[in-house]
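An overview of the molecular structure
So the chains spell out like this:
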Amino acid sequence: MNKIQKLVAEIRSLEIVAQGKRVELCMALGDRDGAARHLCEMNALIAARFAQLEQLEEEGGNYFALAGQMSAMQAEARRVAC
């Protein structure tokens, strides 16, 4: 994964966590429509992350090594958010 791809993946991981927090906030406020909207956005970001992983694999990367890198980014994003 090159520097730009890694940066995109890191940003996407942070955005996924942020959308999850928005879902929590909307649910706490009783805003079901808002929660559903943020959940859809979070799911789209997760699908984009998976598509990036598949693309990197097609470019010759090792799927499991790349998935491990992305998993580490997710863990760091969650740690920072909490």
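Everything discussed here concerns the structure shown above.
All figures in this text were calculated on a predicted structure; none of them were measured in a lab.

1. So, the overall build of the protein chain
- Within the protein chain, the regular secondary structure consists of 3 helices and 0 strands.
- Taken along the three principal axes of its C-alpha coordinates, the protein chain extends 45 × 20 × 20 Å.
- In the protein chain, the proportion of contacts linking residues at least 24 apart, taken out of those at least 6 apart, comes to 60%.
- Within the protein chain, one finds 10 positive and 11 negative side-chain charges whose respective centroids are separated by 7 Å.

2. As for the environment of Arg-79
- The residue Arg-79 is located in helix H3 (residues 63-81) in this model.
- A sequence separation of 69 residues divides Arg-79 from Glu-10, and the C-alpha atoms of the two residues are 13 Å apart.

3. Notes on the nonpolar core
- The biggest cluster of nonpolar side chains holds 6 residues, and these are Ala-9, Leu-53, Leu-56, Leu-66, Met-70 and Met-73.
- Going through the elements one at a time, helix H2 (32-58) and H3 are the ones with two or more residues in this core.
- Considering every element that reaches this core, the biggest residue donor is H3, with 3 residues.
- If we ignore the near neighbours within four places in the chain, the residues touching Leu-53 are Tyr-63, Leu-66, Ala-67 and Met-70.

4. Thoughts on H2
- Relative to the 39 Å expected for 27 residues at 1.5 Å per residue, H2 spans 39 Å between its end C-alpha atoms, a close match to the ideal helical length.
- Residues of H2 that are buried: Gly-34, Ala-35, His-38, Met-42, Leu-45, Arg-49, Gln-52, Leu-53 and Leu-56.
- Just downstream of H2, Gly-60 is the residue with a positive phi angle, here 110°.

5. Some thoughts on the packing of H2 against H3
- At a minimum axis distance of 9 Å, the contact between H2 and H3 shows a crossing angle of 145°. Once H2 is placed against H3, the crossing between them reads as right-handed. For the pair formed by H2 and H3, the contact residues are Arg-49, Phe-50, Gln-52, Leu-53, Leu-56 and Glu-57 on the first element and Tyr-63, Leu-66, Ala-67, Met-70 and Gln-74 on the second.
- Among the residues making up the contact of H2 with H3, the classes are represented as 7 nonpolar, 2 polar and 2 charged.

6. Brief notes about the state of the cysteines
- According to the stated counting rule, one finds 0 disulfides in the structure shown.
- With no disulfide of its own, Cys-26 lies 12 Å from the sulfur of Cys-40, the closest cysteine sulfur.
- According to the relative accessible area criterion, Cys-26 is buried, its value standing at 9%.
- A relative accessible area of 54% means that Cys-40 is categorised as exposed.

Conventions used here
The numbering scheme is per chain: residues are counted from 1 as the chain's sequence reads. Per-residue local features are limited, in this predicted model, to residues with pLDDT of at least 70; the limit for side-chain atom pairs, both in listing and counting, is 80 or more; totals at the level of whole chains, interfaces and linings are taken over all residues. For side-chain calculations, the full set of non-hydrogen atoms in the structure is used, while hydrogens and water are omitted. By the criteria applied, helices consist of DSSP H or I runs no shorter than four residues and strands consist of E runs no shorter than two, each listed in order from the N terminus. In this analysis, two residues are considered to be in contact whenever any of their non-hydrogen atoms come within 4.5 Å of each other. Positive: Lys, Arg. Negative: Asp, Glu. His and the chain ends are not part of the count. For charged residues, the charge sits on one atom: NZ in Lys, CZ in Arg, CG in Asp, CD in Glu. Among buried residues, those of type Ala, Val, Leu, Ile, Met, Phe, Trp, Tyr and Cys that are joined through side-chain atoms within 4.5 Å constitute a nonpolar core. Buried, partly exposed and exposed residues are distinguished by accessible area as a fraction of the type maximum, computed with a 1.4 Å probe on protein chains only: under 20%, between the cut-offs, and over 50%, respectively. Expected span, for any helix, means 1.5 Å times one less than how many residues it has. Each axis is a line fitted through C-alpha atoms, taken for helices only over the stretch in contact, and angles between the N-to-C directions span 0 to 180 degrees. In this scheme the handedness of a crossing depends on how the near helix is turned from the far one: anticlockwise by less than a right angle means left-handed, clockwise means right-handed. Charged residues are taken to be Asp, Glu, Lys and Arg, nonpolar residues to be Ala, Val, Leu, Ile, Met, Phe, Trp, Tyr, Cys and Pro, and polar residues to be all remaining types, Gly included. Disulfide assignment relies on a single distance test, namely cysteine sulfur atoms paired within 2.5 Å.

Remember that the coordinates give geometry; whether it matters functionally is a separate question.
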